[in-house]
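Given next are the chains, with one letter for each unit.
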Amino acid sequence: MVEEFVTAAEEQELLAAVDSRPWKSLAKRRVQHYGYEFLYEFNFISAPHRYQLTKTRNVDSKQFLGELPAFVSTVLEKITSYPGVKKCTIRLIDQLTVNEYPCGVGLSPHIDTHSAFEEMIFSLSLAGPCIMEFRKYRNGSWRAPSVAKGADEDISQEPECIRKAIFLPPRSMLLMSGEGRYAWHHYIPHHKIDDVGGQVIKRNSRRVSFTFRKVRMGPCDCEYKQFCDSQNKKC
């Protein structure tokens, strides 16, 4: 994780760029897709264009939306100088998902689908901070327990796991690769405040993330077969 990956001025330019474009509303957040659309499995709720997110996390590699927008060109250039990343990596990034999280909204534990994306996944945090927790479950997977009376789905009956938390301040860039990308679930707690080393950090009114990926055009052959949908049909 690299702090101050973009400047405050660049952050405002990126936010203004996405806010000038149409958002798609999910149950608890808004999204934009570029390059290839990130496919969710939707259940219709009630209002037009409002959906309940379920399980599917993939892309249709045959449905190319076009090149990534010009407003992220500076970010792509900076990625070439990211520690441990070769300069050719910039040519490999072809998918961008922009997520807007309202205050207190997070993500359920998940591993980005192996067959959908290549190894390196970059996540740029803008506007507000959050804690991202990495989890390694004993049985290798995570299933949302049944929710009773509106309880947090990730608290009740939660399976045992190893936890590693990372604080993501605004303008920071996180790179997930290797075991951290292929075998550990990542999760954002549904909190309005985070405890960072004993210090209480309030989340802003929203957090916006830019997630950069390379769409995989064939099956994954990674060494983490237990978690790989290409090699383990139970995934």
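Calculation criteria
Residues numbered from 1 in each chain as written. Predicted model: local features only at pLDDT ≥ 70, side-chain atom pairs only at ≥ 80, totals over all residues. Heavy atoms only, no water. UniProt positions renumbered as here; feature names shortened; annotations may be inferred. Disulfide = S-S within 2.5 Å. Salt bridge = Lys/Arg side-chain N within 4 Å of Asp/Glu carboxyl O. Helix = DSSP H or I, 4+ residues; strand = E, 2+ residues; numbered from the N terminus. Buried < 20%, exposed > 50% of the residue type's maximum accessible area, 1.4 Å probe, protein only. Phe/Tyr/Trp six-rings, centres within 6.5 Å; stacked < 30°, edge-to-face > 60°. Lys NZ or Arg CZ within 6 Å of the ring centre and 35° of its normal. Core = buried A, V, L, I, M, F, W, Y, C linked by side-chain atoms within 4.5 Å. Pairing = 2+ DSSP bridges. Axes fitted to C-alpha atoms, helices over the stretch in contact; angles between N-to-C directions.

- Going by what an unreviewed UniProt entry lists, the chain is known as Fe2OG dioxygenase domain-containing protein and is assigned to Urochloa decumbens.
- The UniProt entry for the chain carries the following comment under Sequence similarities (unreviewed entry): "Belongs to the alkB family."

Some words on the state of the cysteines
By definition, a disulfide links the sulfur atoms of two cysteines through a covalent bond.
Here is step 1 of the chain: Within this structure, the stated rule accounts for zero disulfides.
Here is step 2 of the chain: The thiol of C220 is not disulfide-bonded; the next cysteine sulfur, from C222, is found 3.6 Å away.

Some remarks on the pattern of salt bridges
Here is step 1 of the chain: Within this structure, the stated rule accounts for 14 salt bridges.
Here is step 2 of the chain: The closest approach of N and O atoms between D94 and K214, which form a salt bridge, is 3.2 Å. Taken as a pair, D94 in the loop between helix 2 (73-79) and strand 5 (95-102) and K214 in the segment after strand 14 (206-213) lie far apart in primary sequence, 120 residues in all.
Here is step 3 of the chain: With relative accessibility at 15%, the residue D94 sits in the buried group.
Here is step 4 of the chain: A cluster of three or more residues bridged by salt bridges with shared partners is formed by D19, R30, E100 and R206.

A look at the packing of aromatic side chains
Both the distance between ring centres and the angle between the ring planes are used here to describe each pair of aromatic rings.
Here is step 1 of the chain: Within this structure, the stated rule accounts for six aromatic pairs.
Here is step 2 of the chain: Each ring, one from F5 and one from Y82, has its centre 5.9 Å from the other, and the planes form 50°; the classification is tilted. Taken as a pair, F5 in the segment before helix 1 (8-19) and Y82 in the loop between helix 2 and strand 5 lie far apart in primary sequence, 77 residues in all.
Here is step 3 of the chain: Here F5 falls in the buried class, since its relative accessible area comes to 9%.
Here is step 4 of the chain: Taking the relative accessible area as the measure of exposure, Y82 reaches 6% and is therefore buried.
Here is step 5 of the chain: Grouping aromatic residues by their ring pairs yields a cluster made of F5, Y82 and F122.
Here is step 6 of the chain: The cationic tip of R213 hangs over the ring face of F117; the distance from NZ or CZ to the ring centre is 4.6 Å.

Quick notes on the nonpolar core
Here is step 1 of the chain: Among the nonpolar cores identified, the biggest contains 26 residues, and V72, V75, I79, L124, M173, F210 and F212 are the most heavily contacted of them.
Here is step 2 of the chain: Broken down by secondary-structure element, the contributors of at least two residues to this core are helix 1, helix 2, strand 5, strand 7 (121-126) and strand 14.
Here is step 3 of the chain: If you tally residues by element for this core, the top one is helix 1, at four residues.
Here is step 4 of the chain: In terms of nonpolar packing, the next biggest core, distinct from the first, is built from 20 residues, F134, A183, I188 and F227 among them.

Points about the sheet that holds strand 6 (residues 107-110)
Here is step 1 of the chain: Across the sheet, which stays open at both edges, the four strands sit in the order 6-11-8-9 with antiparallel pairing between neighbours. Every interior strand has two partners, whereas the edge strands, strand 6 and strand 9 (161-168), have only one. Between one strand and the next, the sheet's axes are offset by a mean angle of 20°, whatever the strand orientation.
Here is step 2 of the chain: Across eight bridges, the pairing between strand 8 (residues 130-137) and strand 9 is antiparallel. In the sheet register, F134 faces strand 9, and the bridge partner there is K164.

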